[in-house]
Amino acid sequence: MTAWTSDELNKIGSAEELEIASIRRNGGRRNPVTIWVVRRGDDLYVRSVNGRTGAWFRATQDRHEGRIRAGGVEKDVTFVDADRSIDDAIDAAYRTKYRRYAPSIVDHVVTPEARSATIKLVLR
């Protein structure tokens, strides 16, 4: 397994948004969806505000593979369910990074539903 470089982590982690495109069962790539991304240490995470029923999240569950683009970095990744023990830390990362938005907006990404749909982005 390849690790993110410091440069990639910095660029993606500081990007306002990330484009995520999952791979269909037949191998084709879906159209990208724009979402928020946070960094925790040497890992990158995304969440579906609609929880596990969100369309883009469900699509990541077909093959658990896709492509992301953020901060000038474009990479193939594997989608891995995040360890639920770090939910509070991921919440804090979202609240810190997106604090310039009204709390009512950020609150959508820290609900129990969103927490249940936290994905760790792992390089392929």
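Enquirer: Describe the overall build of the chain, and please don't skip the residues or the numbers.
Expert: Counting its secondary structure elements, the chain contains five helices and seven strands. By the compact-globule yardstick of 14 Å for 124 residues, the chain fits well, its C-alpha radius of gyration being 13 Å. With respect to the principal axes defined by its C-alpha atoms, the chain has extents near 40 × 35 × 25 Å. Taken across its 124 residues, the chain has 41% of its residues classed as buried. Partitioning the intrachain contacts of the chain with sequence separation of at least 6 by distance along the chain shows that 70% fall at a separation of at least 24. Counting 22 positive and 18 negative side-chain charges, the chain places the averaged centre of each group 3 Å from the other.

Enquirer: Could you give an account of helix α3 (residues 87-97), naming the residues involved and the relevant values?
Expert: Residues Asp87, Ile90, Asp91, Ala93 and Tyr94 constitute the buried set of α3. Seen end-on, α3 carries its buried residues on one side only, within an arc spanning 160°. Packed against the buried residues of α3 are β3 (37-40), β4 (43-47), α4 (103-106), α5 (112-115) and β7 (118-123).

Enquirer: So, the nonpolar core: which residues are in play, and what are the values?
Expert: Among the nonpolar cores identified, the biggest contains 21 residues, and Trp4, Ile12, Leu18, Ile20, Val46, Ile68 and Leu121 are the most heavily contacted of them. Looking at this core, the elements with two or more residues in it are α1 (6-14), β1 (18-22), β4, α2 (55-63), β5 (65-70), β6 (73-81) and β7. With near-sequence residues (within four places) excluded, Ile12 lies in contact with Trp4, Leu18, Val37, Leu44, Ile68, Ala70, Val73 and Lys97. If you look at the next biggest cluster of nonpolar residues, it comprises 12 residues, including Tyr45, Ala93, Val109 and Val110.

Enquirer: So, the environment of Ile35: which residues are in play, and what are the values?
Expert: Here Ile35 is to be found in strand β2 (residues 33-35). Judged by relative accessible area, Ile35 falls into the buried class, the value being 8%. For the pair formed by Ile35 and Trp56, sequence separation is 21 residues and the distance between their alpha carbons is 9.8 Å. Setting aside residues up to four positions removed in sequence, Ile35 forms contacts with Glu17, Leu18, Ile20, Val46 and Trp56.

Enquirer: How would you summarise the packing of aromatic side chains if you had to cite specific residues and measurements?
Expert: To describe a pair of aromatic rings, you give the distance between the ring centres and the angle between the ring planes. Counted by the stated rule, this structure contains five aromatic pairs. Aromatic side chains Trp56 and Phe57 sit 6.3 Å apart centroid to centroid with 70° between the ring planes, which places their arrangement in the edge-to-face category. Neither residue differs from the other here; Trp56 and Phe57 are each classed as buried. Geometrically, the ring pair formed by Tyr94 and Tyr98 is stacked, given 6.1 Å between the ring centres and 25° between the ring planes.

Enquirer: So what's going on with unusual backbone geometry? Which residues, and what values?
Expert: The phi torsion of most residues other than glycine is negative, and most of the peptide bonds are trans. A positive phi angle is found at His64, which is not glycine, with a value near 60°. Its location among the elements puts His64 in the loop between α2 and β5.

Enquirer: Describe the environment of Leu121, listing the residues and the values that go with them.
Expert: Structurally, the position occupied by Leu121 is in strand β7. Separated by 110 residues in the primary sequence, Leu121 and Lys11 place their C-alpha atoms 14 Å from one another. Not counting the four nearest positions on each side in its chain, Leu121 is found in contact with Trp4, Leu18, Leu44, Val46, Ile68, Val77, Thr78 and Phe79.

Basis of the calculations
- Residues numbered from 1 in each chain as written.
- Predicted model: local features only at pLDDT ≥ 70, side-chain atom pairs only at ≥ 80, totals over all residues.
- Heavy atoms only, no water.
- Helix = DSSP H or I, 4+ residues; strand = E, 2+ residues; numbered from the N terminus.
- Rg over C-alpha atoms; globule rule 2.2 N^0.38 Å.
- Buried < 20%, exposed > 50% of the residue type's maximum accessible area, 1.4 Å probe, protein only.
- Contact = heavy atoms within 4.5 Å.
- Lys, Arg positive; Asp, Glu negative; His and termini not counted.
- Charge placed at Lys NZ, Arg CZ, Asp CG, Glu CD.
- Arc of directions from axis to C-beta.
- Core = buried A, V, L, I, M, F, W, Y, C linked by side-chain atoms within 4.5 Å.
- Phe/Tyr/Trp six-rings, centres within 6.5 Å; stacked < 30°, edge-to-face > 60°.

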